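One letter stands for each residue in the lines below.
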Amino acid sequence: MGATPAWPPRSAPRLFVTPALEAGEHRVLDGPQAHYLSRVMRIGEGDAVILCDDATGEWAARVLSAGKRDVTVELVERLRPREDVPDLTLCPALLKKPRFDQVLEKATELGVAKIRPVVTRRCVADALNMERARTVVTEAAEQCARTALPEIFEPVSLSQLLRQWPEDAVMWFADEQGADDEAIPPAARAFAERLPPAGILIGPEGGFDDAEREEVRGFLQARPVSLGPRILRAETATIAAMAIWMGAMGDWT
Ligand code: SAM
């Protein structure tokens, strides 16, 4: 007798929904989510769907009815609670859209808790479409079977970021001048010296200007770190810094 196939199947479509989910409830999904389920994924009555709410966790649901405009599902069981993520805040300077999308997507995959975008003098972009940013993050989380979403904040100036920075958090400042300055430690060593909460500040394509570098250097909780002897693109530096931090102080150990 073969083993009973697992339910829900791993291939079941995954979606983040609001508000929070409850056992046994019937939830109606409409708009783009109904279109995705019924037109793209071709789900029908009795099929399984996995729903997450970034609050209670991940639920298995069964489709009760599937139409062009809406899909009704019944919550069957909770599969996993919302995952805990390390208290890391990524503070990336705004980049041109495709590259900043990459930063949002990789930050979600790598498990940051918050994303606080910064507008600095050399930023090419000076605004962020928040709805689109939340869509990029949500899709990244759905594709990687995450049960938690990073919180995204409206972009602020560097001075505002420093003014609002929580007193108990270190701000690691990725300083590309670190290669020429022994006083700036390698990130892997420096990160391991401070427990979370922590932040990582990464500059834009053109880097920080001298006044900004001085402002950050003068900030009590800022610590400059080097990401090695080569200048990295902003999005590369962001991914590298997050990975090093997750390995040193996050939940990869
Ligand atoms: N100003 C740099 C230049 O034109 O030579 C380019 C800045 S780099 C493209 C963008 C950001 O990535 C920098 O502001 C810094 O935060 C980070 N970064 C890049 N390479 C780095 C390194 N080797 N060490 C530390 N941070 C680095």
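In case you missed it, the structure is sitting above this.
So, here's what we can say about the structure. (Residues numbered from 1 in each chain as written. Predicted model: local features only at pLDDT ≥ 70, side-chain atom pairs only at ≥ 80, totals over all residues. Heavy atoms only, no water.)

### Comments concerning the overall build of the protein chain
The helix and strand tally for the protein chain stands at seven helices and 13 strands. Dimensions along the principal axes, computed over C-alpha positions, put the protein chain at roughly 65 × 40 × 30 Å. For the protein chain, the proportion of its 253 residues judged to be buried stands at 47%. Sequence separation of 24 or more characterises 75% of the internal contacts of the protein chain that already satisfy a separation of 6 or more. Seen as two clouds, the 30 positive and the 39 negative side-chain charges of the protein chain have centres 4 Å apart. (Helix = DSSP H or I, 4+ residues; strand = E, 2+ residues; numbered from the N terminus. Buried < 20%, exposed > 50% of the residue type's maximum accessible area, 1.4 Å probe, protein only. Contact = heavy atoms within 4.5 Å. Lys, Arg positive; Asp, Glu negative; His and termini not counted. Charge placed at Lys NZ, Arg CZ, Asp CG, Glu CD.)

### As for the environment of Leu162
Considering the arrangement of structural elements, one finds Leu162 in helix α4 (residues 158-164). Accessibility expressed as a relative area gives 8% for Leu162, which makes it buried. Separated by 53 residues in sequence, Leu162 and Glu215 have C-alpha atoms that sit 9.0 Å apart. Look past the residues within four positions of Leu162 in its chain and what remains in contact with it is Met171, Glu215, Val216 and Phe219.

### Considerations on unusual backbone geometry
In this chain, Trp7 is followed by Pro8 through a cis amide linkage whose omega measures 0°. Considering the arrangement of structural elements, one finds Pro8 in the segment before β1 (14-16). In the segment running from Thr18 into Pro19, the intervening peptide bond is cis, with an omega of -5°. Inspection of the secondary structure assignment puts Pro19 in the loop between β1 and β2 (26-30).

### A closer look at the packing of aromatic side chains
Counted under the stated rule, the structure contains two aromatic pairs. Between Phe173 and Phe208, the aromatic rings sit 5.3 Å apart at their centres with planes inclined by 70°, giving edge-to-face as the arrangement. Of the two residues, Phe173 is situated in strand β11 (residues 170-174) and Phe208 in the loop between β12 (198-202) and α6 (210-217); the sequence distance between them amounts to 35 residues. Seen from the ring of Phe153, Arg116 lies directly overhead, with NZ or CZ sitting 3.7 Å from the centre. (Phe/Tyr/Trp six-rings, centres within 6.5 Å; stacked < 30°, edge-to-face > 60°. Lys NZ or Arg CZ within 6 Å of the ring centre and 35° of its normal.)

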